[in-house]
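Read off the chains here:
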Amino acid sequence: MTSSDPAWVAALQESIKRNYGGVLAKEPVSVQLASVKADGTPKLQHIVAQEQLWTDAKVLVFTGPNRNTELMSVLKGTKNHEVLWHMPKTNETFSFTGRIYIAAAPSLSHRFGSPPKRIGVPDSASSSPRREASFGTNGTNGSAATPIDPEVFWEGERLRLWRSISPTYRATFSWPASGEMRSLSESASWSVYEQPVVKVATHTVDVGFKFTTMDAMTMPRDSASLIAGSLGRNASSSSIGSTSPVSRTALAFSTLGRTSPQRSTASFSGQDTAAAAAAGHALDNFCLLVFKPIRVDHVAPTPRGPPVRLLYTATKEGEWSVQDVNP
């Protein structure tokens, strides 16, 4: 958070701390997404809250399965979305209005589009106020930082969050598409990329609901190297103790690039091959839902009397104003 952030940013951070202990990744925190489908029909979806983006706390990051065709059609079909987040312990509600952008696996960009280019992505690796001293240089006496490729940045964030979510939530991304007939899901290929939808190459592995827990799948060495290079840092063991998500992510990517196995299942056999294939497809099915609110409605109860309701609104220039309105 910066001094120029609207007050709802700190209010949300405090509410997350009081309701979830400050950590959302332990178990899925489901929130409600309200929108309108292309035919005008209202639609309510459940998505999972992850965090306020470390580069810009005004940007909220949720996750969901891109194999959920109803969810994807709602997100792609309209540019106006509203998310309701009820806090279970404090009984507060946050209603966020704005637009959600999809950050899917790069192999599916032709289907879901490119991730946002101007939202949350630093101009360069050194532009973040939270960077370490060694972050953002190209290793030549603090010379100019390397510009960040938005697609590489968001893929790095997707992989980072994939590793942080719980194993039980991670396993749900290997399950058949939500809303399909259960008998069909259990007897047919689990891929929903069939005609007349654009065909996407997938293994015809029918895993059904076999996996109820799943370890994180590491990324290939070349992906790790690409991300670390684009972010312009040279992670070292000295940053292990840092509290900055920048250095933690950099170190994780650097380590993956040196020691992690390839995502290819060529070295596996039998049951291990099926498990590795399922984990790979689960990772492909995992996407970030990047939300840029332009309106925030915060309602907080009081010990006595009516709740306090504050309505925050952003202009096109990004300036925020607040009104104290009736609950």
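Use the structure listed above.
Residues numbered from 1 in each chain as written. Predicted model: local features only at pLDDT ≥ 70, side-chain atom pairs only at ≥ 80, totals over all residues. Heavy atoms only, no water.

What follows deals with the overall build of the chain. The number of helices and strands found in the chain is nine helices and eight strands. When burial is assessed residue by residue, the chain has 46% of its 327 residues classed as buried. Of all intrachain contacts in the chain linking residues separated by at least 6 positions in sequence, the fraction that spans at least 24 positions is 66%. For the chain, the accessible area works out to roughly 16500 Å², and carbon and sulfur atoms hold 53% of it. (Helix = DSSP H or I, 4+ residues; strand = E, 2+ residues; numbered from the N terminus. Buried < 20%, exposed > 50% of the residue type's maximum accessible area, 1.4 Å probe, protein only. Contact = heavy atoms within 4.5 Å. Areas by Shrake-Rupley, 256 points an atom, 1.4 Å probe, with all protein chains shown as cover.)

Side chains on a regular strand alternate between the two faces of the sheet. Direction of pairing for strand S1 (residues 29-36) relative to strand S2 (residues 42-52): antiparallel, over a ladder of eight bridges. Counted as the bridge partner of Val31 is Ile47 from S2. Connecting the antiparallel pair S1 and S2 is a turn made up of five residues, with Gly40 showing a positive phi of about 90°. Note: S2 against strand S3 (residues 60-65), four bridges, orientation antiparallel. The residue of S3 that forms the bridge with Ala49 is Phe62. (Pairing = 2+ DSSP bridges.)

Here the focus is helix H1 (residues 7-20). Spanning 14 residues, H1 covers 20 Å between terminal C-alpha atoms, matching the ideal 20 Å at 1.5 Å per step. Within H1 the residues assigned to the buried category are Trp8, Val9, Leu12, Ser15, Ile16, Asn19 and Tyr20. Down the axis of H1, the buried set is contained in an arc of 130°. They therefore lie on one face. Residues Lys17 and Arg18 are exposed on H1 and point more than 90 degrees away from its buried face. Positive backbone phi, approximately 70°, marks Gly21, located one or two places after H1. (Expected span 1.5 Å × (residues − 1). Arc of directions from axis to C-beta.)

We now examine the environment of Ser321. Along the chain, Ser321 falls in strand S8 (residues 320-325). By relative accessible area, which is 44% here, Ser321 ends up partly exposed. Note: C-alpha distance between Ser321 and Leu311 (ten residues apart in sequence) is 8.3 Å. Residues in contact with Ser321, not counting those within four places in the same chain, are Leu311, Tyr312 and Thr313.

A few words now on the environment of Leu53. Its location among the elements puts Leu53 in the loop between S2 and S3. As a C-alpha pair, Leu53 and Glu157 span 104 residues in sequence and 9.4 Å in three-dimensional space. Sequence-distant contacts of Leu53, that is, excluding residues within four places in its chain, are made with Val59, Val61, Gly120, Trp154 and Glu157.

Applying the stated criterion to the full structure yields seven salt bridges. Its salt-bridge partner being Lys43, residue Glu70 comes within 2.7 Å of it at the nearest N-O pair. Highlighted residues: Glu70 in helix H2 (residues 69-77) and Lys43 in strand S2, separated in sequence by 27 residues. Here Glu155 ties to Arg158 by a salt bridge, and the two come within 2.8 Å at their closest N and O atoms. Of the two residues, Glu155 and Arg158 are both situated in helix H4 (residues 150-164); the distance of three residues between them amounts to about one turn of the helix. Assessed through its relative accessible area of 14%, Glu155 is described here as buried. Accessibility expressed as a relative area gives 2% for Arg158, which makes it buried. Each of Asp5, Asp56 and Lys58 takes part in salt bridges that share partners, so that together they form one network. (Salt bridge = Lys/Arg side-chain N within 4 Å of Asp/Glu carboxyl O.)

This is a description of form; function is not addressed.
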